[in-house]
Amino acid sequence: MAAVIVENISKKYQVEKTKVTALNGISFEVAKGELFGIVGPDGAGKTSLFRILTTLLLADAGAARVEGYDVVKDYKEIRKTVGYMPGKFSLYQDLSVEENLDFFATIFNTSISENYDLIKDIYQQIEPFKKRRAGKLSGGMKQKLALCCALIHKPSVLFLDEPTTGVDAVSRKEFWEMLQRLKLQGISILVSTPYMDEASLCDRVALMENGKILAIDKPSIINSKFSKPLWAVQSNNMFALLKSLKNWEAVSSCYSFGEFYHVVMKSEEKGSREIEEFLMKNQFQEIVIKQIDANIEDSFMALMHTSNE
Amino acid sequence: MSVLKYLLQKEFRQIFRDPAILRIIFMMPALQLIIIPMAADFEVRNVNLAVADHDHSAYAQQMVQKIKSSGYFKLIHYSSTYQDALKNIESDKADVVLEIPSNFEKNIIREDHTSLFIAVNAVNGMKANLGAAYLQSIIQDYNNQIRLKWIQFPKIPPQTNIEVTVSNWFNPMLNYKYFMVPAVLATLLTMVGSFLTALNIVREKEIGTIEQINVTPIKKYHFILGKLIPFWILGLVVLTIGLIIMRFFYQIHPIGNILVVYFFAAIYLLCVLGLGLLISTYADTQQQAMLISFFLLMIFILLGGLFTPIDSMPSWVQKLTWFNPVSYFIDVVRMVVLKGSGLSDIKNHIFIIVGFAIFLNSWAVWNYKKTN
């Protein structure tokens, strides 16, 4: 049986007389022991979804089950079996690292020593600071402590809401390595992130936008579905380049990606030769054009592009 | 049970780690108890007096001397025209003008009759009222004094005289502090019991820790008890500090059994803790909780009989004070400390406060359930 089953979940919020749709009929399943990513920009509805699955919020319509327990009826069972790490750091800032961990262990009727092997890898990194108050830790340390606290009762499903937002690149990499190790322990993990590059680290991802899921699959399959050729373009005047590419009727979409602009043409016959000709005509110099494979961000942009049309 | 024990341990750790809260708990009662009763003394002293003396006679001098020596008046101006004296009232330097007419002495001696004029600055109504009354009674006294010197009273006075003797029960010296200190103590307990509790719970909401707690198997009543018990204990600690200050700083020796005060305070704290819980279910930020608390505190104090006696309020306001738990506690502390009342004397108060406690706590729990 799947660890998480979501069926047609919808949620609307009342914002000053107008209704805002946060989730619009979402359905997906997460298999046991899977690292499942939910990728989408801010406001896509990721946090609402997590709050519904962790029994903090009631959905307007639809049903969801976590480890076979209904999120409404069996909320007490769910609270015993899941670990939740909210996007905002919400441990006690005025308690020390050790006291926080001890507190969460006790309220789950367990102790640090009982599940120490599960958190050992992570906890060892913050153990030198165990007497320090949680509020005085750096961002990355806070993340690690929050993860320890979410793991201390050996949950079978772990919900991580944007765990890497506001954390430096090195800590982010470490964090994902930790998640891979936790997966090996048989914990099903749901993680949301606004960073596209992290999506490729998941077993499967759901691309989300405006309360809807645009695609769910393995990152490699999502990428392979990207049908049209993709060109990376660079020149001496990047700002003017973006403007003229966007105004060119032969271009389907164009967006910046690192040092390059990624360009998708409307017709597949048009290739680097046509682009080069167009740019030369517009007096651009030092032109670099190469064909590249689509990554998850390109797929996401393409999906967003089609869903908006 | 161990969960509750651990919640309490965590709560106390946090309280004792927060220097601001510690200061509030221990310094606030001490400072308030020492300062407020001194300031809120309704005895009128230092009434500023201006005299317009048109007579400049020995009798007039004697009378002014007598007024000055009463201790209630400060002579700040002495002139021979009424206009000059009135200017002092206009510039708010004087509270009362006493005008002594010309031929004051002559008229007393020759015609057995004279008159004086008192003009009062009534901006501060109470000071004006009492100042004028004091002045009148001093002049009356002076009048008797000179009559005694001039006329030999017959053994049986021609007119009947009613002489009134007042004896002050429970507070023989009419010491205002005896009345104020127990009441300030009651207000303090209300602040610690309800407002600190509300702020503490709302803080968990604001920081987001309540989210984290909500996904754990902690039961709601464990969480609520974990919040209320520490402040119940702190409330009793504040009461103890207050009683020590009352006993040793003000030398007020409670006549009744102090355990009666503790017994009532223990029940009363349940009531104000319920109020704190209720505020926290409505407020989302500490700022909101603070403003609600401030508003309620004003009402509680002004409708609680702390400064002005409830009996002299309009009858519909008196009915409002029935819904003010603070007024019952103020009443009980005064009764026990000054009159020595026992449990049987305050049993009505106890029933009412138990009612309040049940009502406020049920409302809070009901509202807490609704929002979650």
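It should be emphasised that the depicted structure is a prediction, and the values quoted were computed from it without experimental measurement.

Examining the overall build of chain B
(1) Moving on: Secondary structure assignment for chain B yields 14 helices and 4 strands.
(2) Moving on: Its C-alpha atoms give chain B a radius of gyration of 29 Å, more than 25% over the compact-globule value 21 Å for 372 residues.
(3) Moving on: Its C-alpha atoms put chain B at 95 × 45 × 40 Å along the principal axes.
(4) Moving on: Restricting to contacts in chain B with at least 6 residues of sequence separation, those with at least 24 account for 80%.

Quick notes on the overall build of chain A
(1) Moving on: Helix and strand content of chain A: 11 helices and 14 strands.
(2) Moving on: With the C-alpha coordinates of chain A rotated into their principal frame, the extents come out at 70 × 45 × 40 Å.
(3) Moving on: The long-range share in chain A, meaning contacts at least 24 apart out of those at least 6 apart in sequence, stands at 71%.

Let's talk about the nonpolar core
Nonpolar side chains in soluble globular proteins tend to be buried together.
(1) Moving on: Leu53, Leu145, Cys148, Cys149, Ile152, Phe159 and Ile189 of chain A are the most contacted members of the largest nonpolar core, which has 76 residues in total.
(2) Moving on: Ranked by residue count, the leading element in this core is helix α5 (residues 139-151) of chain A, at 7 residues.
(3) Moving on: If near-sequence neighbours (up to four positions away) are discounted, Ile152 of chain A is found in contact with Leu101, Phe104, Ala105, Phe108, Thr110, Ile112, Asn115 and Ile119 of chain A.
(4) Moving on: Membership of the second largest hydrophobic core comes to 63 residues, among which are Val261, Leu275, Ala289 and Ile330 of chain B.

A word on the interface of chain B and chain A
(1) Moving on: Taken together, the 17 residues of chain B in the interface contact 21 residues of chain A.
(2) Moving on: Within the residue set of the side of chain B that touches chain A, elements represented by two or more residues are α1 (2-17) and α8 (209-214) of chain B.
(3) Moving on: The element contributing the most residues to the side of chain B that touches chain A is α1 of chain B, with 6 residues.
(4) Moving on: Each residue belonging to the side of chain B that touches chain A can be placed in one class, and the counts come to 6 nonpolar, 6 polar and 5 charged.

Some remarks on the pairing of strand β8 (residues 188-193) of chain A
Working note: regular strand, side chains alternate between the two faces of the sheet.
Residues and elements named next belong to chain A.
(1) Moving on: Most of β8 sits out of view: 6 of its 6 residues are buried.
(2) Moving on: Both faces of β8 are covered, namely the face carrying Ser188, Leu190 and Ser192 and the face carrying Ile189, Val191 and Thr193.
(3) Moving on: In this structure, strand β7 (residues 157-161) lies alongside β8, joined through 5 bridges in parallel fashion. Bridged to Leu158 within β8 is Ile189.

Some details on the domain arrangement of chain B
(1) Moving on: Here the domain parsing of chain B yields domain 1 (47-150) and domain 2 (173-371).
(2) Moving on: Just the C-alpha atoms count here: the centres of domain 1 of chain B and domain 2 of chain B sit 48 Å apart.

As for the sheet that holds strand β12 (residues 251-257) of chain A
Backbone hydrogen bonds are what pair the strands of a sheet, in a parallel or an antiparallel way.
All names here are of chain A.
(1) Moving on: Pairing in this open sheet of 4 strands is antiparallel, and the strands run β12-β13-β11-β14 from one edge to the other. Lying at the two open borders of the sheet, with one neighbouring strand each, are β12 and β14 (288-292). Across the sheet, the mean angle from the axis of one strand to that of its neighbour is 25°, orientation sign disregarded.
(2) Moving on: Pairing analysis gives 5 bridges linking strand β11 (residues 230-234) to β14, with the strands arranged antiparallel. Following the sheet pairing, Ala232 is matched in β14 by Lys290.
(3) Moving on: Sitting on the sheet, helix α10 (residues 272-281) is in contact with β11, β13 (260-265) and β14, with an inclination near 155° to β14.

Description of helix α2 (residues 19-39) of chain B
Residue and element names in this part refer to chain B.
(1) Moving on: With 21 residues, α2 ought to run about 30 Å at 1.5 Å a step, and its terminal C-alpha atoms sit 28 Å apart, in line with that.
(2) Moving on: Looking only at α2, the buried set comprises Ile25, Pro29, Leu33 and Pro37.
(3) Moving on: The inward-facing, buried residues of α2 contact α7 (176-207) and α9 (220-248).

A look at unusual backbone geometry
(1) Moving on: Of note in the backbone geometry, Asn8 of chain A takes a positive phi value of approximately 50° without being a glycine.
(2) Moving on: Checked against the element boundaries, Asn8 of chain A lands in strand β1 (residues 4-15).
(3) Moving on: At Asn103 of chain B, a residue that is not glycine, the phi angle is positive and equals roughly 65°.
(4) Moving on: You can see Asn103 of chain B is positioned in the loop between β3 (96-100) and α5 (104-111).
(5) Moving on: For Asn103 of chain B, a count of 14 C-beta atoms within 10 Å gives the class partly exposed.

With respect to the environment of Leu75 of chain B
Residues and elements named next belong to chain B.
(1) Moving on: Structurally, Leu75 can be placed in strand β2 (residues 73-79).
(2) Moving on: In the structure, Leu75 is positioned 19 residues away from Ala94 in sequence and 8.8 Å away in space, judged by C-alpha atoms.
(3) Moving on: Excluding residues within four positions of it along the chain, Leu75 makes contact with Leu49, Val51, Val64 and Lys68.

Side note on the packing of helix α4 (residues 116-126) of chain A against α5 of chain A
Residues and elements named next belong to chain A.
(1) Moving on: One way to put it is that α4 packs onto α5 with a least axis distance of 9 Å and a crossing angle of 150°. Comparing the axis directions of α4 and α5 gives the class roughly antiparallel. Considering how the two elements wind past one another, α4 and α5 form a crossing that is left-handed. Seen from α4, the contacting residues are Leu118, Ile119, Ile122, Tyr123, Gln125 and Ile126; seen from α5, they are Met141, Lys144, Leu145, Leu147, Cys148 and Leu151.
(2) Moving on: Among the residues forming the contact of α4 with α5, the class breakdown is 10 nonpolar, 1 polar and 1 charged.

Quick look at the confidence of the model for chain B
Residue and element names in this part refer to chain B.
(1) Moving on: Averaged over every residue, the pLDDT of chain B is 85; the share at 70 or more is 94%.
(2) Moving on: When the elements of chain B are averaged for pLDDT, α2 gives the smallest value, 80, and helix α10 (residues 258-282) the largest, 92.
(3) Moving on: Interface confidence in the predicted complex, given as ipTM, is 0.73; pTM for the same model is 0.76.

Notes on the domain arrangement of chain A
(1) Moving on: What the domain assignment lists for chain A is domain 1 (4-223) and domain 2 (227-293).
(2) Moving on: Distance from the C-alpha centre of domain 1 of chain A to the C-alpha centre of domain 2 of chain A: 39 Å.

Examining the sheet that holds strand β2 (residues 18-30) of chain A
Residues and elements named next belong to chain A.
(1) Moving on: Spatially, the 4 strands line up as an open sheet ordered β2-β1-β4-β5, and their pairing is antiparallel. Each edge of the open sheet carries a strand with a single partner, namely β2 and β5 (69-70).
(2) Moving on: Where strand β4 (residues 61-66) and β5 come together, 2 bridges link them in antiparallel fashion. Residue pairing for β5: Val66 is matched across the bridge by Tyr69.

Some words on the confidence of the model for chain A
(1) Moving on: Scored by pLDDT, chain A comes out at a mean of 85, with 99% of its residues at no less than 70.
(2) Moving on: Looking over chain A, one finds the lowest element-wise mean pLDDT in helix α11 (residues 296-308) of chain A, namely 75, and the highest in β7 of chain A, namely 92.

Let's talk about the packing of helix α3 (residues 97-107) of chain A against α5 of chain A
Residues and elements named next belong to chain A.
(1) Moving on: Across the interface, α3 lies against α5 with an axial gap of 8 Å and an inter-helix angle of 20°. Considered as vectors, α3 and α5 are oriented roughly parallel to each other. For the crossing formed where α3 meets α5, the hand is right-handed. Contacts from Val97, Asn100, Leu101 and Phe104 in α3 reach Leu145, Cys148 and Cys149 in α5.
(2) Moving on: Each residue belonging to the contact of α3 with α5 can be placed in one class, and the counts come to 6 nonpolar, 1 polar and no charged.

About the criteria used
- Residues numbered from 1 in each chain as written.
- Chains lettered and ligands numbered in written order.
- Predicted model: local features only at pLDDT ≥ 70, side-chain atom pairs only at ≥ 80, totals over all residues.
- Helix = DSSP H or I, 4+ residues; strand = E, 2+ residues; numbered from the N terminus.
- Rg over C-alpha atoms; globule rule 2.2 N^0.38 Å.
- Contact = placed C-beta atoms within 7 Å.
- Core = buried A, V, L, I, M, F, W, Y, C linked by C-beta atoms within 7 Å.
- Buried ≥ 20, exposed ≤ 12 C-beta atoms within 10 Å, placed from the backbone.
- Nonpolar A, V, L, I, M, F, W, Y, C, P; charged D, E, K, R; others polar.
- Pairing = 2+ DSSP bridges.
- Domains from an automatic or database assignment.
- Axes fitted to C-alpha atoms, helices over the stretch in contact; angles between N-to-C directions.
- Expected span 1.5 Å × (residues − 1).
- Parallel < 35°, antiparallel > 145°, perpendicular 65-115°, else oblique.
- Left-handed = near helix turned anticlockwise from the far one by under 90°.
- pLDDT = per-residue confidence, 0-100.

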